[in-house]
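# Remarks on the overall topology
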Amino acid sequence: METTQENQARKALEDSETRLRLAMKATGLGLWDFRRGEEIVGSNDEVARLLGYRPEEFAETRAAFVARLHPDDRERVRRCFRDYLDGRRDDYAIEFRMRTRDGHYRWFRSVGQIVERDPGGNASRVIGTYLDIDEQVRAMARLEELSARLLSVQEDERGRLARELHDELGQRLTAIKFNVHAIGRDPQAADVSRRVADCLTLLDDTLARVRERALDLRPTLLDDMGLGAALEWYCRRQEERADVCILLDGVDRLGALPDELVTNAYRLVQESVSNALRHSGCSTICVSLECQPDCLQIVVTDDGQGFDPAPDGSAGFGLMAMRERVALVGGRFSLGSVVGQGTRITAALPIEPGMQP
């Protein structure tokens, strides 16, 4: 007959196990229990769910685990586990891909700990966990790709600016230098007035080009007059350059906004309009901004040729850069496009940094 003390101990153990199960479920951790020499590997219901199975139809074995591993990860995982069991490494912590029920591979992080040893001191039982890290790994891969493309774009932009400085500004400055030397050699020459006028014309052109390049990098209106004025200037300038109609709505109702939000909003509109002009073949672009209680919503649409967005959400560099810019400030980004019906880009930027809109 169970004593009161034994009853209390049993209940305490049951309560502890219940709390553990709840904690594992709440954190999304799958628990596995490996015993050396046994084919069956114990697992909790969360392992089945992580892999897309119903708990009642899932049974873990050593062979099934190895078969699920991605071919490129299989030997690395097996070697890591063997080295840990045999004492050639101090811990078992590794990231790898496993095939889920739908046939796709997802990234997991597995951590294990030896909990039992045989009389000879050899590891006989290991308990560990699985954590689904697929979204984090893919986000990091996208970030690395974006960083690489940004470096490439930076180099291209530096090359473009270097050529422009050499071919345009350099030639103008060289012509000014020749004129000044000629005037210096003979200040009383008959063509001094013409050379001076030529220098002034070249200086005016040079200053205009420098000012234009500076505005392309960051319009002074953004700091002096705010987001609305800067977008109005930018859209009118693009209309003249590309001979398209750009409709701008809502900029007169923006009010005061944080500097970081202003910069991000301007760059998003700039990139959206630039993408539409380069790729869509549109005749009209609509840009709309609306201040909501917790965010600034930006919608850019065009009546161009549209395209089929990639199923995995990937896209060209411009779209990926916009998506990452919005994600970095905790906002939302969506893209809709249909072939022959144009494209719609929507972004919601939180007004306070870190605020989820």
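Here, every reference points to the structure presented above.
Presented here is an overview of the structure given in this document. Remember, predicted model here, so these are calculated numbers, not experimental data.

Moving on: the overall build of the chain. Helix and strand counts for the chain stand at ten helices and ten strands. Looking at the chain as a whole, 33% of its 357 residues qualify as buried. Contacts in the chain between residues far apart in sequence, at least 24 positions, make up 56% of those at least 6 positions apart. Summed over all atoms, the accessible surface of the chain reaches about 21300 Å², with 52% contributed by carbon and sulfur.

Time to look at the layout of surface pockets. For the second largest pocket, the calculated volume is near 470 Å³. Lining the second largest pocket are 20 residues, with F34, R62, F65, V66 and F81 sitting closest to its centre. At the level of secondary structure, the elements contributing two or more residues to the lining of the second largest pocket comprise strand 1 (30-35), helix 3 (62-68), helix 4 (71-85) and strand 3 (92-99). The leading source of residues in the lining of the second largest pocket is helix 4, at five residues. A class-by-class count of the residues in the lining of the second largest pocket yields eleven nonpolar, three polar and six charged.

Glancing now at a nonpolar patch on the surface. On the surface, V196, L200 and L203 cluster together to form a nonpolar patch covering roughly 230 Å² of accessible area. Looking at the element boundaries, V196 is found in helix 6 (residues 192-217).

With that out of the way, let us pick up empty space enclosed by the protein. Counted under the stated rule, the structure contains one cavity of 30 Å³ or more. The calculated volume of the largest cavity comes to roughly 30 Å³. Looking at the lining of the largest cavity, the elements with two or more residues in it are helix 9 (259-279), strand 8 (295-302) and strand 10 (343-350). Its residues assigned to classes, the lining of the largest cavity shows six nonpolar, two polar and no charged.

Here helix 9 spans 30 Å end to end across 21 residues, near enough to the 30 Å set by a 1.5 Å rise per residue. At the C-terminal side of helix 9, G281 shows a positive phi close to 65 degrees.

Moving on, we come to the sheet that holds strand 4 (residues 105-117). Sheet architecture is open: five strands sit in the order 2-1-5-4-3, paired in antiparallel fashion. The two strands at the open ends of the sheet, each matched to only one other strand, are strand 2 (42-43) and strand 3. Examined bridge by bridge, strand 1 and strand 2 share two bridges and lie antiparallel to one another. For D33, the partnering residue across the bridge sits in strand 2 and is G42.

In terms of nonpolar packing, the biggest core is built from 35 residues, with L227, V287, L289, L296 and I298 touching the most fellow members. Secondary-structure elements contributing two or more residues to this core are helix 8 (227-242), strand 6 (245-249), helix 9, strand 7 (284-291), strand 8, helix 10 (317-328) and strand 10. Broken down by element, the residue count for this core peaks at eight residues, all from helix 9. Counting 24 residues, the second largest nonpolar core, distinct from the first, contains L51, M98, V126 and Y130.

Tallied over the entire structure, the rule returns twelve aromatic pairs. Pairing Y53 with F58 gives two aromatic rings, centres 5.4 Å apart and planes at 40 degrees, and the pair type is tilted. Given the relative accessible area of 15%, F58 is considered buried. A ring pair is formed by F96 and Y130, whose centres lie 6.5 Å apart and whose planes are at 90 degrees; its orientation type is edge-to-face. Of this pair, F96 sits in strand 3 while Y130 sits in strand 5 (residues 123-132); the two residues are 34 residues apart in sequence, bridging distant segments of the chain. The two residues F96 and Y130 agree in class, both being buried. Each residue in the set W32, F34, F65, F81, Y84, Y92, F96, F108 and Y130 is aromatic and connected to the rest through ring pairs, giving one cluster.

What follows concerns the pattern of salt bridges. Between side chains of opposite charge, a pair can form as their charged atoms come close. For the structure on display, the rule yields 26 salt bridges. As a salt-bridge pair, R138 and D134 come within 2.7 Å of each other at their nearest N and O atoms. With R138 and D134 both in helix 5 (residues 134-185) and four residues apart, the pair spans about one turn of that helix. Take D134: its relative accessible area is 5%, and that puts it in the buried class. Connected through salt bridges with shared partners, the residues D33, R35, E116 and R125 form a single ionic network.

This part is about helix 4. An ideal rise of 1.5 Å per residue puts 21 Å on 15 residues; helix 4 measures up with 22 Å between its terminal C-alpha atoms. Every buried residue belonging to helix 4 is among D73, V77, C80, F81, Y84 and L85, and all of these are buried. One side of helix 4 carries all its buried residues, which in axial view fall inside an arc of 130 degrees. Each element contacted by the buried residues of helix 4 is listed here: strand 1, helix 3, strand 3, strand 4 and strand 5.

Let us look at unusual backbone geometry. With a phi angle near 60 degrees, D243 is a residue other than glycine that sits in the positive phi range. Note that D243 resides in the loop between helix 8 and strand 6. What makes D243 exposed here is its relative accessible area of 69%.

Cut-offs used in this document
Just so you know, the residues in each chain are numbered from 1, in the order the chain's sequence is written. For a predicted model such as this one, the threshold for reporting local features is a pLDDT of at least 70, and the threshold for listing and counting side-chain atom pairs is 80 or more; totals across whole chains, interfaces and linings nevertheless cover every residue. Hydrogens and water are ignored here; the side-chain numbers use all heavy atoms of the structure. Helix and strand assignments come from DSSP, with helices taken as H or I runs of at least 4 residues and strands as E runs of at least 2, each series counted from the N terminus. Each residue's exposure class comes from its accessible area (1.4 Å probe, protein chains only) as a fraction of the maximum for that residue type: buried when under 20%, exposed when over 50%, partly exposed otherwise. Contacts between residues were defined by any pair of non-hydrogen atoms, one from each residue, lying within 4.5 Å. Note that accessible areas follow from Shrake-Rupley with a 1.4 Å probe, and for residues the cover is restricted to the protein chains shown. Think of a 1 Å grid over just the protein atoms. A cavity is a set of points where a 1.4 Å probe fits yet cannot get out, a pocket is an open set with protein on both sides within 12 Å along at least five of seven lines, and lining residues have an atom within 4 Å of a point. Grid points are joined across faces, edges and corners, and a volume is the space filled by probe spheres set on the points. Polar here means any residue other than Ala, Val, Leu, Ile, Met, Phe, Trp, Tyr, Cys and Pro, which are nonpolar, and Asp, Glu, Lys and Arg, which are charged; Gly is therefore polar. A patch is a set of surface residues, each over 30% in relative accessible area and not in a salt bridge, joined within 9 Å for like charges and within 5 Å for the nonpolar side chains Val, Leu, Ile, Met, Phe, Trp and Tyr. What counts as a salt bridge is simple: a side-chain nitrogen of Lys or Arg found within 4 Å of a carboxyl oxygen of Asp or Glu. How far a helix is expected to stretch is found by multiplying one less than its residue total by 1.5 Å. Following DSSP output, two strands are said to pair if at least two bridges run between them. Here the nonpolar core consists of buried residues drawn from Ala, Val, Leu, Ile, Met, Phe, Trp, Tyr and Cys, with membership extended through side-chain atoms lying within 4.5 Å. Two aromatic rings, drawn from Phe, Tyr or Trp (for Trp, its six-membered ring), form a pair once their centres lie within 6.5 Å of each other, and the interplanar angle then sorts them: stacked below 30 degrees, edge-to-face above 60, tilted otherwise. For this quantity, the arc is that covered by the directions from the helix axis to the C-beta atoms.

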